[in-house]
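Letter by letter, the chains look like this.
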Amino acid sequence: QLQLVESGGGLVQPGGSLRLSCAASGFTLDYYAIGWFRQAPGKEREGVSCISSTGGSTNYAGSVKGRFTISRDNAKNTVYLQMNSLKPEDTAVYICAASSYPYSDSLDVTDFASWGQGTQVTVSS
């Protein structure tokens, strides 16, 4: 069974940075595109960023473009989300997921079959 475990969340002041990690267990990430999503209380799950299996293609939501960077280290079986210039509206549970389409960078939630449990990110002064 595919297992994804997120880490790196926490409390940060506006303008600060965090790096989230998504580690795979029980399978090799090499064959999967990986997406980051977020869900704030009372809001729908929102696609944040996605990276193809090779890392050759990336996609970002407009609200995070220029502030967040997705990357992957297949040797470490891990995908990262570097988040800079954080804003209070970035507060949410961040969840990584594995896509059924390895060469895609789509953020269509229906493309993703395996999901982690999430890590809380709170941006507040």
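None of the values given here were measured: they were computed from a predicted structure. (Residues numbered from 1 in each chain as written. Predicted model: local features only at pLDDT ≥ 70, side-chain atom pairs only at ≥ 80, totals over all residues. Heavy atoms only, no water.)

Novice: What exactly am I supposed to notice about the overall build of the chain here?
Specialist: The helix and strand inventory of the chain stands at zero helices and eleven strands. Along the chain direction, N to C, the helices and strands of the chain fall in the order β-β-β-β-β-β-β-β-β-β-β. By the compact-globule yardstick of 14 Å for 125 residues, the chain fits well, its C-alpha radius of gyration being 13 Å. With the C-alpha coordinates aligned to their principal axes, the bounding extent of the chain is approximately 40 × 25 × 25 Å. In the chain, buried positions account for 44% of the 125 residues. Restricting to contacts in the chain with at least 6 residues of sequence separation, those with at least 24 account for 59%. When the accessible area of the chain is evaluated, it comes to approximately 6200 Å², of which 46% is carbon and sulfur surface. (Helix = DSSP H or I, 4+ residues; strand = E, 2+ residues; numbered from the N terminus. Rg over C-alpha atoms; globule rule 2.2 N^0.38 Å. Buried < 20%, exposed > 50% of the residue type's maximum accessible area, 1.4 Å probe, protein only. Contact = heavy atoms within 4.5 Å. Areas by Shrake-Rupley, 256 points an atom, 1.4 Å probe, with all protein chains shown as cover.)

Novice: Any chance you could explain the packing of aromatic side chains here in plain terms?
Specialist: Think of a pair of aromatic rings as described by two things: how far the centres are apart, and how the planes are tilted against each other in angle. For the coordinates displayed, the defined rule picks out four aromatic pairs. Judged by centre distance (4.9 Å) and plane angle (55°), the ring pair of F37 and W115 falls under tilted. With F37 in strand β4 (residues 34–39) and W115 in strand β10 (residues 112–115), the pair connects residues that are 78 residues apart, well separated along the chain. Given the relative accessible area of 1%, F37 is considered buried. (Phe/Tyr/Trp six-rings, centres within 6.5 Å; stacked < 30°, edge-to-face > 60°.)

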